[in-house]
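Tertiary structure, described
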Amino acid sequence: MRSRPLMTLRLSTAPVQNIGVVPHGTRLTFPITGGSFDGDRLRGKVLAGGDDWVVKRADGVVELDLRITLETDDGALIHMTFEGIRNDGAPGAPYFRTLPRFETADAKYSFLNRLLAVGTGAISEGGPVHVIEEIL
Amino acid sequence: MDSRLLMTMQVAVVFPKKIGAVPHGTRVTAPIASGHFEGPRLRGKVLPGGGDWTLLRGDGVLELDLRVTLETDDGALIHMASFGLRHGPPEVIAALARGESVDPSTYYFRTTVRFETGHANYAFLNRLVAVSSGDRRATGPIYTIDEIL
């Protein structure tokens, strides 16, 4: 499969809301307070108000379900979601991958409406960092 | 990004149901009658009863929402769900609509794939995400599905 860089997304989060044990696992909600994104074709900031709704499953795998709004440096708003999985117990190295999708009404960024992407996540000191590539 | 082949999957689509114009676009549901899949770690058949719920958006992009059940050759059942996008130059999309054979590199047909299974031999599928490239044939699509490493 071929891909090319789309952006690196850095998120800052508020203290986790531990919902507790629910039918699908242990539910944790991470409010997103801000962040930034940067790539060859778009850059800007993450608006406060999104969240990552996370469920830790009985098999130890964490499922992610994120919704945020991006604002580009030239003022376009982009709705972004991803689902993903994080498996810290994966053989070799943690497996933390996401499947981002985008929606925008801004013509300059309408290419985002027509692509699929994959992100590789990591937890840095400042918060989660996702390196996102467009699937070509 | 690193990936490796998980499997190829071919399905047969029969009697698409044209739901028509709905608030988000034009909806067509394509029932899947049969199929098969094969890769280094799993192979078997696609059970009848799944489908691809498609939505042609106002911007000309076709959204794909597929759910099928796979049965491996050793009897495991696997729930598979994928979300995809298909679009391309108007003449290419028109040729596809006429059922012609079209070089899949001339249009964008990609899906992201998730699996669920209760079978221990295939539990690795619960812990990965995958991406597929589609080749739309007159009888139904062929997907090359890669595991994201």
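Calculation rules
- Residues numbered from 1 in each chain as written.
- Chains lettered and ligands numbered in written order.
- Predicted model: local features only at pLDDT ≥ 70, side-chain atom pairs only at ≥ 80, totals over all residues.
- Helix = DSSP H or I, 4+ residues; strand = E, 2+ residues; numbered from the N terminus.
- Rg over C-alpha atoms; globule rule 2.2 N^0.38 Å.
- Buried ≥ 20, exposed ≤ 12 C-beta atoms within 10 Å, placed from the backbone.
- Contact = placed C-beta atoms within 7 Å.
- Core = buried A, V, L, I, M, F, W, Y, C linked by C-beta atoms within 7 Å.
- pLDDT = per-residue confidence, 0-100.
- Nonpolar A, V, L, I, M, F, W, Y, C, P; charged D, E, K, R; others polar.

The next thing to look at is the overall build of chain A. Counting its regular elements, chain A contains zero helices and 10 strands. Here the C-alpha radius of gyration of chain A, 15 Å, is about what a compact globule of 136 residues would show, namely 14 Å. Projecting the C-alpha coordinates of chain A onto the three principal axes gives extents of approximately 45 × 35 × 30 Å. Relative to its full complement of 136 residues, chain A shows a buried share of 32%. Intrachain contacts of chain A at a sequence separation of at least 6 include 44% that bridge at least 24 residues.

Once that is clear, we can look at the overall build of chain B. Secondary structure summary: chain B contains one helix and 10 strands in total. Along the chain direction, N to C, the helices and strands of chain B fall in the order β-β-β-β-β-β-β-α-β-β-β. Its C-alpha atoms give chain B a radius of gyration of 15 Å, near enough to 15 Å, the size a compact globule of 149 residues would have. Referenced to the eigenvectors of the C-alpha coordinate spread, the extents of chain B come out at roughly 45 × 30 × 30 Å.

Before going further, it helps to spend a moment on the nonpolar core. One finds V118(A), M9(B), V46(B), V68(B), V131(B) and I145(B) to be the most contacted residues of the largest nonpolar core, which totals 52 residues. Setting aside residues no more than four positions away along its own chain, V46(B) makes contact with M9(B), V11(B), I32(B), S34(B), G35(B), H36(B), F37(B), V68(B) and L70(B).

This part is about the confidence of the model for chain B. When the pLDDT values of chain B are averaged, the result is 96; 100% of them are 70 or greater. This complex was scored by the predictor with a pTM of 0.93 and an ipTM of 0.89.

Taken together, the 16 residues of chain B in the interface contact 17 residues of chain A. Contributing elements (two or more residues each) for the side of chain B that touches chain A: strand 7 (77–87), strand 8 (108–117), strand 9 (130–137) and strand 10 (140–148) of chain B. The residue inventory of the side of chain B that touches chain A, partitioned by class, reads seven nonpolar, five polar and four charged.

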